[in-house]
Amino acid sequence: EGIAKFKRIEQDYNSLLGRVAQHTANRPRPRVMINTPYRDSWVLPPQHSYITTLVSDAGGDCYTSPGNGTASQPIDIEQALIYTESADLWINVGGCNSLRELTDQNPRFAATAVVTKGLVYNNNARRTPQGGSDFWESGVVRPDLILKDLTTIFHPDVMGEEHTLYYYKQLK
């Protein structure tokens, strides 16, 4: 039964991956910023991480840490702000539940296009009974749902009405 469920997850993922590839073949891919500063340091994932793969599979291009390493690396806050100002979307913004909480972290965020246009999404829509983020709990075995969420965010016309955000929510 478990093998059948995981096989279905794999099939769903690969099916959507094909739809996204077809949809984005001749269209621009949104630039995606990830994370927020933590203790005066902004960490970006490496080029070949699980989150950058998910973003790419969903038809986006995310800013990554420099180099070819396998670990997330800190970048200068100034560089992160430049990326944020040029991003089309911003995801995974820590514990923020609203744009106000995000801009309270750093007032300079309020002037970025992604914030003024409301194109900020966080992966904390679902909480575990203990208060943890279900994205980090069950998302590891449900990459198909994460891909559906990210595709809905990046290319809503691919998903249409067939998917409602599961792990992600748009910050207001």
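Residues numbered from 1 in each chain as written. Predicted model: local features only at pLDDT ≥ 70, side-chain atom pairs only at ≥ 80, totals over all residues. Heavy atoms only, no water.

Visitor: Any chance you could explain the environment of Asn68 here in plain terms?
Guide: Following the sequence through the fold, Asn68 ends up in the loop between strand 3 (61–62) and strand 4 (73–75). A residue is classified by how much of its surface remains accessible, and Asn68, at 73% relative accessible area, is exposed. (Helix = DSSP H or I, 4+ residues; strand = E, 2+ residues; numbered from the N terminus. Buried < 20%, exposed > 50% of the residue type's maximum accessible area, 1.4 Å probe, protein only.)

Visitor: How do you make sense of the nonpolar core when you look at a structure like this?
Guide: Generally speaking, soluble globular proteins have nonpolar side chains that are buried together. Counting 24 residues, the largest nonpolar core has Val55, Ile91, Leu150, Phe154 and Tyr168 as its most contacted members. Going through the elements one at a time, helix 1 (2–24), strand 1 (31–34), helix 2 (50–57), strand 5 (89–91), helix 7 (143–154) and helix 8 (156–159) are the ones with two or more residues in this core. With six residues, the top contributor of residues to this core is helix 7. By size, the runner-up hydrophobic cluster in this structure holds 19 residues, among which are Leu81, Trp90, Leu99 and Leu171. (Core = buried A, V, L, I, M, F, W, Y, C linked by side-chain atoms within 4.5 Å.)

Visitor: What am I meant to see in the environment of Val140 here?
Guide: The residue Val140 is located in the loop between helix 6 (134–137) and helix 7 in this model. Taking relative accessible area as the criterion, Val140 reaches 66% and is therefore assigned exposed. Each C-alpha atom, one on Val140 and one on Val20, is 21 Å from the other, the two residues being 120 residues apart in sequence.

Visitor: I tried to follow the packing of helix 2 against helix 7 on my own but got confused; where do I start?
Guide: When two helices pack together, their arrangement is given by the angle between the helix axes and by the axis-to-axis distance. Relative to each other, helix 2 and helix 7 sit at 55 degrees, their axes nearing to 8 Å. Here helix 7 runs oblique to helix 2, going by the angle between their axes. For the crossing formed where helix 2 meets helix 7, the hand is right-handed. Residues Leu54, Val55 and Asp57 of helix 2 touch helix 7, and the partners they reach there are Pro143, Ile146, Leu147, Leu150 and Phe154. Its residues assigned to classes, the contact of helix 2 with helix 7 comprises seven nonpolar, no polar and one charged. (Axes fitted to C-alpha atoms, helices over the stretch in contact; angles between N-to-C directions. Parallel < 35°, antiparallel > 145°, perpendicular 65-115°, else oblique. Left-handed = near helix turned anticlockwise from the far one by under 90°. Contact = heavy atoms within 4.5 Å. Nonpolar A, V, L, I, M, F, W, Y, C, P; charged D, E, K, R; others polar.)

Visitor: Mind showing me how you'd approach the packing of helix 1 against helix 7 here?
Guide: At a minimum axis separation of 8 Å, helix 1 and helix 7 run at an interaxial angle of 25 degrees. Here helix 1 lies roughly parallel to helix 7, going by the angle between them. For the pair helix 1 and helix 7, the sense of crossing is left-handed. For the pair helix 1 and helix 7, contact is made by Ile9, Asp12, Tyr13, Leu16, Leu17 and Val20 and by Pro143, Asp144, Leu147, Lys148 and Thr151, respectively.

Visitor: Help me out: how do you make sense of helix 1 in this one?
Guide: Because an α-helix completes one turn every 3.6 residues, residues spaced three or four positions apart along the sequence face the same direction. Here helix 1 contains 23 residues, and its C-alpha end-to-end distance of 33 Å stays within 8% of the 33 Å for a straight helix at 1.5 Å per residue. Within the span of helix 1, buried status applies to Ile9, Tyr13, Leu16, Val20, His23 and Thr24. (Expected span 1.5 Å × (residues − 1).)

Visitor: Looking at this structure, I do not really get the pattern of salt bridges. What am I missing?
Guide: A side chain with one charge may pair with a side chain of the opposite charge, provided their charged atoms come close. On inspection of all chains with the given rule, the structure shows nine salt bridges. Close ionic contact of Asp61 with Arg29 constitutes a salt bridge, the shortest N to O distance being 3.1 Å. Taken together, the residues Asp61 in strand 3 and Arg29 in the loop between helix 1 and strand 1 connect sequence positions 32 residues apart. Given the relative accessible area of 27%, Arg29 is considered partly exposed. (Salt bridge = Lys/Arg side-chain N within 4 Å of Asp/Glu carboxyl O.)

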